[in-house]
Amino acid sequence: LCPAASRILPQGYAIFQNMEEDKRNLYAVQDTGLVKIWGHEDLDELDNLHTLYWDKKNNRIYFGDGIYDEEGNLSDTLKNAEGDLWYFVPHENGIWVIGTNGIYDLKDNCLQKVCTHLFSVGTGIYGLIDSKGNLIIKDAENIYQYANGHLETIYSHIKWASDILLDREDNLWVSSNEGLFCFFKRHFKNYILPDKGDVIRMVQVDKDDRVWIGSLNGQLISFFDEQAKEIAYPKYPLGNYFHPFSAVYDKTLYFNSPFPLSYQDNKFRYMDDFPVSAYLFIKPLPNKQLVAISNSRLILFQPDGKITQMFSHQDLLQAPRQAALDQQGRLWVTGMNGITLIDGEKISLMETDSLRGSYLITRDNTGDIWFNAKNHLYKYENEHIRLIHTFENDISVTGLHITKNNILVVTTAKGLYLSTPELSAMKFYNYSNGFTGNASFQTNITEDSKGNVYLLTMECMVKFNPDELIYKQSTPLLYFQSMQSSTDNIHWLDKSEQQTALDYKHKNVKFKYIGICYSAIGNLFYQYRLKGFQEEWSESQLSNEVVFNNLPPGEYLFELKAHTGLSETETSIISIPFTIHPAFWQTAWFIVVSILTLMLLSAGIALFIQRRKNKVLFEHLETEKQLNELRIKSIRLKAIPHFNANVLAAIEYYIMNLSKTEAVKLLGIYSRFTFQTLREVDKASRSLSEELEYVQMYLELEKLRFIDKFDYKIDVDQAVNTNVHLPNMILHTYCENAVKHGLSSKKSGGTLQIKITRADNIVCVSVEDNGVGREAAAQNRNISSSKQGLDILSRQIEIYNRFNPNKINQKIDDLYTDGQASGTRFTVEVPEGFVYQ
């Protein structure tokens with residue numbers, strides 16, 4: 001097999017060598033095996049580094065300087081070839097031919113040399129066409145790009161480069177004895193000094209876009225249009241070397257050598273007015289002055305070199321490093337101790353722990369000040385210092401620059417950081433994604449009129465265009481890697497695309513995914529959403545996995561997209577649907593059955609409660625009925641005709657025989673008594689005071705009937721609250737019974753005593769008479785007794801007691817004196833707060 005000779009053949013074809021016959025032939029690689037297509041004896045002389053090109057469109061085969069038809073006949077030879085021809089590269093307008101001595105354009109079997117260059121054969125010379133139509137060439141040690149008639153070295157001094165490849169993003173991959181390198185889209189271009197023992201220490205671009213390079217060994221090189229020229233300059237007696245942070249003002253260049261050196265109109269001049277010192281920093285200021293800094297002083301001077309002000313490190317309260325002028329005309333000076341602020345005659349030191357170790361400072365296009373303090377990046381805007389970014393692992397900032405397009409450029413010992421003006425995200429570049437340098441010391445960063453930025457590393461000078469790195473990115477390829485589920489968030493099970501139905505226990509779901517974009521390694525961002533759980537897209541994140549915990553049963557759609565920090569690079573949405581089945585108690589049928597059961601149970605409970613309520617209501621109505629019947633009976637009793645007739649007859653007697661005034665008084669009492677009887681007979685209870693007033697009217701009328709047969713006495717203890725309620729007409733019932741059965745049989749000297757006391761929240765009411773007693777009254781035929789009044793009262797009290805935990809107690813005591821009946825006492829105990837229905 002001859003891989004080099006076969007590399008540009010059409011797909012499915014290759015040159016194989018028959019080892020037994022030592023013959024080479026062109027074969028078609030088919031499923032059934034190799035099918036010989038073409039062979040020629042000249043193929044046997046072709047080494048493994050030469051290639052064969054088959055122009056199927058024109059039925060021609062090229063290798064070496066020969067042109068063959070498909071039958072193997074030599075039809076012609078290529079003319080004007082100088083040296084060996086190694087590689088044929090077809091392009092849209094013809095064929096490039098790369099030879100030992102240069103590049104040719106093949107037209108009509110004639111080679112036209114377009115570029116002369118001596119390529120190193122070594123491991124072979126190969127060529128590729130990139131997406132822009134540029135020719136990429138590899139020889140044994142270097143990578144070149146031929147575009148617009150110009151050959152440019154992309155990378156040099158590769159140890160034994162063996163092969164090159166362009167991927168789908170147009171990234172350039174190079175294999176070598178040192179390993180595999182990716183130069184991505186060749187955004188970064190390296191320049192090294194011929195003397196490998198020397199180091200580039202200074203780079204500056206002048207107004208004509210000429211790049212000036214100064215080395216540690218004192219070499220000064222002018223670099224323009226890819227052509228380098230060493231420039232002679234007057235040597236300084238104390239030695240010659242260049243420091244970073246040189247400056248350009250108008251058409252004058254200022255270099256940091258052991259002594260400030262200016263260059264204008266092809267003339268060099270040492271600035272002799274300056275004190276002898278090792279100057280580290282020169283920079284133009286917006287006020288048409290320049291500032292120069294050494295370890296011991298800061299000098300402000302005019303473009304012609306005239307010094308206007310000078311500050312020692314004692315004046316500045318620290319050894320100065322760099323300086324910038326803010327919008328208020330104040331000079332900010334960085335140093336180990338913090339920031340020194342020079343405001344006219346006033347000098348102050350902003351000495352805080354967060355600002356210590358401040359070395360780099362610059363001013364952006366809006367006039368805001370940017371500076372570092374160790375691994376922190378700060379910005380001074382709107383009279384406030386704001387922390388912009390902290391670089392991890394205490395990596396100190398080594399370079400700081402704001403481009404004309406407001407792109408932030410920061411170098412550290414680990415690599416290069418870029419950010420858009422909005423500072424939305426820091427993009428990081430190092431060897432893994434194309435940055436071919438290693439910024440390990442403090443360096444100045446400069447820019448030409450085309451936006452190309454130049455910075456220094458230990459190995460080389462690096463050129464790149466930040467606009468292309470920020471705004472020209474490839475769209476990533478996005479892939480799902482795995483979907484996993486777990487019951488405990490510890491043990492995870494992989495799921496295939498067919499296993500997207502999960503049971504209710506596997507409610508923790510993890511997705512792993514990967515975006516492939518070679519030119520955005522470390523700068524690839526992901527966004528996701530889980531429809532059915534969250535409808536909004538997540539914030540952009542670098543992590544390539546996401547976990548959802550405790551998902552409820554349902555149908556979900558996980559959607560994912562990726563980008564490189566720009567909306568233009570956003571991928572299409574990819575998705576995975578999945579379902580979490582509910583437990584049986586979470587299913588619709590179980591819920592329906594449960595609801596029906598609950599409804600039936602609720603209906604049964606409601607029916608039971610309603611029946612209870614109906615029963616209570618019925619009992620209440622029955623009680624009301626009984627009370628109403630008792631009240632009707634009570635009314636009938638109170639309206640006994642002979643009582644009223646006797647009272648009226650007595651009043652008439654008073655009118656006819658005694659005092660009319662007394663008769664009118666009695667008539668008034670009778671009238672009030674009758675009115676109150678009829679008005680309040682249906683009440684369940686009355687206050688003690690109302691009950692006493694009513695019974696007093698009754699006793700006055702009875703005294704009128706029985707004319708001095710008895711007298712009464714009412715005794716109310718002071719501890720008794722007369723607002724306490726008693727059963728309605730309870731005193732009247734007891735007094736009526738005492739008068740009718742006990743005192744009416746006596747001829748004179750009858751006494752009725754009402755006594756009311758209180759003890760332990762109980763009101764005790766007693767009605768006592770000194771009549772003939774219940775036994776003698778029962779034998780008196782002149783007194784009719786149905787005992788309906790006491791019976792009605794007892795039944796009313798029995799009903800009232802049903803609704804109260806503390807009951808009304810009543811009792812009747814027969815009184816005796818020397819064994820003879822001497823009266824009756826009615827007693828009733830009523831709890832305070834007793835409720836009457």
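Here's a quick rundown of the structure. As the structure is a computational prediction, the values presented were derived from the model and not from experiment.

## A look at helix α5 (residues 660–680)
For step 1, the next point in the chain: The end-to-end C-alpha distance of α5, which contains 21 residues, comes to 30 Å, matching closely the 30 Å that a straight helix rising 1.5 Å per residue would cover.
For step 2, the next point in the chain: Where α5 is concerned, the buried positions are A663, L666, I669, Y670, F673, Q676, T677 and E680. Angular distribution of buried residues about the axis of α5 spans 160°; they occupy a single face of the element. Turned more than 90 degrees off the buried face of α5, the exposed positions are K660, T661, V664, F675 and L678.

## Details of the sheet that holds strand β56 (residues 710–716)
For step 1, the next point in the chain: If you trace the five strands from one edge of the open sheet to the other, you get β56-β58-β59-β61-β60, paired in mixed fashion. With partners counted over all chains shown, the strands left at the sheet margins are β56 and β60 (809–817), one partner each. With strand direction ignored, the average angle separating the axes of adjacent strands in the sheet is 15°.
For step 2, the next point in the chain: Summarising the sheet, strand β59 (residues 762–769) and strand β61 (residues 820–831) pair through eight bridges and their orientation is antiparallel. By the bridge assignment for β61, I762 is matched with P831.
For step 3, the next point in the chain: Running at roughly 170° to β56, helix α6 (residues 688–706) makes contact with β56 and β58 (750–759) of the sheet.

## Observations concerning the pairing of strand β14 (residues 143–147)
For step 1, the next point in the chain: Counting buried positions along β14 gives five out of five residues, so the element sits mostly inside the fold.
For step 2, the next point in the chain: Here β14 shows a buried face lined by I143, Q145 and A147 and a second buried face lined by Y144 and Y146.
For step 3, the next point in the chain: Here strand β13 (residues 135–138) runs beside β14; their pairing, made up of four bridges, is antiparallel. Considered in β14, the bridge of L135 is made with Y146.
For step 4, the next point in the chain: Counting the residues between successive antiparallel strands, the hairpin from β13 to β14 contains four residues.

## Description of the side chain of Q676
For step 1, the next point in the chain: With respect to the helices and strands, Q676 occurs in helix α5.
For step 2, the next point in the chain: The exposure class assigned to Q676 is buried, which follows from its relative accessible area of 9%.
For step 3, the next point in the chain: In this structure, Q676 is in contact with V681, R686, E690, Y694 and M697, ignoring residues within four places of it in sequence.

## Details of the nonpolar core
For step 1, the next point in the chain: If you look at the biggest cluster of nonpolar residues, it comprises 50 residues, and the most contacted ones within it are L699, L752 and I754.
For step 2, the next point in the chain: Counting residues per element, this core draws most heavily on α6, at ten residues.
For step 3, the next point in the chain: Contact partners of L752, with chain neighbours within four places excluded, come to L699, D711, Y712, K713, C735, A738, V739, L743, V767, E768 and D769.
For step 4, the next point in the chain: I67, C115, L128 and I143 belong to the second-largest nonpolar core, a separate cluster that totals 38 residues.

## So, the pattern of salt bridges
For step 1, the next point in the chain: Counted under the stated rule, the structure contains 23 salt bridges.
For step 2, the next point in the chain: Among the salt bridges present, the one from K189 reaches E152, with a minimum N-O distance of 2.0 Å. Of the two residues, K189 sits in strand β19 (residues 189–191) while E152 sits in strand β15 (residues 150–155), which places them 37 residues apart along the sequence.
For step 3, the next point in the chain: K189 gets classed as buried once you look at its relative accessible area, which sits at 7%.
For step 4, the next point in the chain: Between D814 and R774 there is a salt bridge, with the nearest N and O atoms lying 2.8 Å from each other. Taken together, the residues span a long stretch of sequence, with D814 in strand β60 and R774 in helix α8 (residues 773–779) at a distance of 40 residues.
For step 5, the next point in the chain: Of the residues examined, R774 reaches a relative accessible area of 41% and is grouped as partly exposed.

## Comments concerning a nonpolar patch on the surface
For step 1, the next point in the chain: Residues Y504, F584, W585, W589 and V593 make up a contiguous nonpolar surface patch of roughly 540 Å² in combined accessible area.
For step 2, the next point in the chain: With respect to the helices and strands, F584 occurs in the loop between β54 (574–580) and α3 (588–638).
For step 3, the next point in the chain: Its relative accessible area of 48% is what places F584 among the partly exposed residues.

## Quick look at the side chain of E381
For step 1, the next point in the chain: Within the secondary structure, E381 is located in strand β38 (residues 376–381).
For step 2, the next point in the chain: For E381, a relative accessible area of 18% translates into the label buried.
For step 3, the next point in the chain: Only 3.3 Å separates the side chain of E381 from the side chain of K379, close enough to count as a polar contact.
For step 4, the next point in the chain: E381 has contacts with D368 and R386, leaving out every residue within four places of it along the chain.

Cut-offs and rules
- Residues numbered from 1 in each chain as written.
- Predicted model: local features only at pLDDT ≥ 70, side-chain atom pairs only at ≥ 80, totals over all residues.
- Heavy atoms only, no water.
- Helix = DSSP H or I, 4+ residues; strand = E, 2+ residues; numbered from the N terminus.
- Expected span 1.5 Å × (residues − 1).
- Buried < 20%, exposed > 50% of the residue type's maximum accessible area, 1.4 Å probe, protein only.
- Arc of directions from axis to C-beta.
- Pairing = 2+ DSSP bridges.
- Axes fitted to C-alpha atoms, helices over the stretch in contact; angles between N-to-C directions.
- Contact = heavy atoms within 4.5 Å.
- Core = buried A, V, L, I, M, F, W, Y, C linked by side-chain atoms within 4.5 Å.
- Salt bridge = Lys/Arg side-chain N within 4 Å of Asp/Glu carboxyl O.
- Patch = residues over 30% accessible without salt bridge, like charges linked within 9 Å, V, L, I, M, F, W, Y side chains within 5 Å.
- Areas by Shrake-Rupley, 256 points an atom, 1.4 Å probe, with all protein chains shown as cover.
- Polar contact = N/O pair within 3.5 Å; in protein donor to acceptor, adjacent residues only side chain to side chain.

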